[in-house]
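These are the residues of each chain, in order.
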Amino acid sequence: MSHKQFCVAVAICAVLFTGFALAQDNAKPLTNDDVVAMVKGGLPETTIINAINAQDSNFDVSATALIKLKQQAVNAKIMDAMLAAANKKHSAA
């Protein structure tokens, strides 16, 4: 196998692995930690709320967790979206 063929094979494997990793990540429910990471990453509020609405979630919406979210700069609109998602999930169960 030539060096060029080897590089192409490695690139194809990298693309396939990245696609697989992204698919696995999308299958994981969104958590409080994911929301905090998006806030700290500087994503716009609307983007975070759209992500909450678009994905399955597993939020901890206890009083203690909500206070912790507030301390980590998660705003009320985002917390309201998290509560709505948790309510929707609870109602479906």
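Structure first, text after, so check above.
Bear in mind that the values here come from a model prediction, so they are computed numbers and not experimental data.

Our focus in this paragraph is the nonpolar core. Grouped together as the largest cluster of nonpolar side chains are 17 residues, with contacts concentrated most on Val35, Ile48, Ile52, Phe59, Val74, Ile78 and Met82. For this core, the secondary structure elements donating two or more residues are helix 2 (32–40), helix 3 (45–54) and helix 5 (76–92). Sequence-distant contacts of Val74, that is, excluding residues within four places in its chain, are made with Val35, Val36, Val39, Leu69 and Met79.

This brings us to helix 3. The complete set of buried residues in helix 3 reads Ile48, Ile49, Ala51 and Ile52. Buried residues of helix 3, viewed axially, fall in a sector of 155°; they line one side. Across helix 3 from its buried face, at more than 90 degrees, point the exposed residues Thr46, Asn53 and Ala54. As for helix 3, its buried residues are in contact with helix 2 and helix 5.

Mapping Asp60 onto the fold places it in the loop between helix 3 and helix 4 (63–71). Note: C-alpha distance between Asp60 and Leu83 (23 residues apart in sequence) is 9.0 Å. Excluding its chain neighbours within four sequence positions, the residues that come into contact with Asp60 are Asn32 and Ala65. Only 2.9 Å separates the side chain of Asp60 from the side chain of Ser62, close enough to count as a polar contact.

Looking now at the packing of helix 2 against helix 3. Two elements in contact, helix 2 and helix 3, have axes whose closest approach is 10 Å; the angle formed by their N-to-C orientations is 155°. With respect to each other, helix 2 and helix 3 are oriented roughly antiparallel. By crossing handedness, the relation of helix 2 to helix 3 is classed as right-handed. Each of Val35, Met38 and Val39 in helix 2 lies in contact with helix 3, whose residues at this interface are Ile48, Ala51 and Ile52.

One can describe the packing of helix 4 onto helix 5 by two numbers: an axis separation of 11 Å at closest approach and a directional angle of 150°. With respect to their mutual orientation, helix 4 and helix 5 come out roughly antiparallel. Of the two possible hands of crossing, helix 4 and helix 5 adopt the one that is right-handed. In this structure, helix 4 uses Leu66, Leu69 and Lys70 to contact helix 5, whose residues at the interface are Met79, Met82 and Leu83. A class-by-class count of the residues in the contact of helix 4 with helix 5 yields five nonpolar, no polar and one charged.

Conventions and cut-offs
Residues numbered from 1 in each chain as written. Predicted model: local features only at pLDDT ≥ 70, side-chain atom pairs only at ≥ 80, totals over all residues. Heavy atoms only, no water. Core = buried A, V, L, I, M, F, W, Y, C linked by side-chain atoms within 4.5 Å. Buried < 20%, exposed > 50% of the residue type's maximum accessible area, 1.4 Å probe, protein only. Helix = DSSP H or I, 4+ residues; strand = E, 2+ residues; numbered from the N terminus. Contact = heavy atoms within 4.5 Å. Arc of directions from axis to C-beta. Polar contact = N/O pair within 3.5 Å; in protein donor to acceptor, adjacent residues only side chain to side chain. Axes fitted to C-alpha atoms, helices over the stretch in contact; angles between N-to-C directions. Parallel < 35°, antiparallel > 145°, perpendicular 65-115°, else oblique. Left-handed = near helix turned anticlockwise from the far one by under 90°. Nonpolar A, V, L, I, M, F, W, Y, C, P; charged D, E, K, R; others polar.

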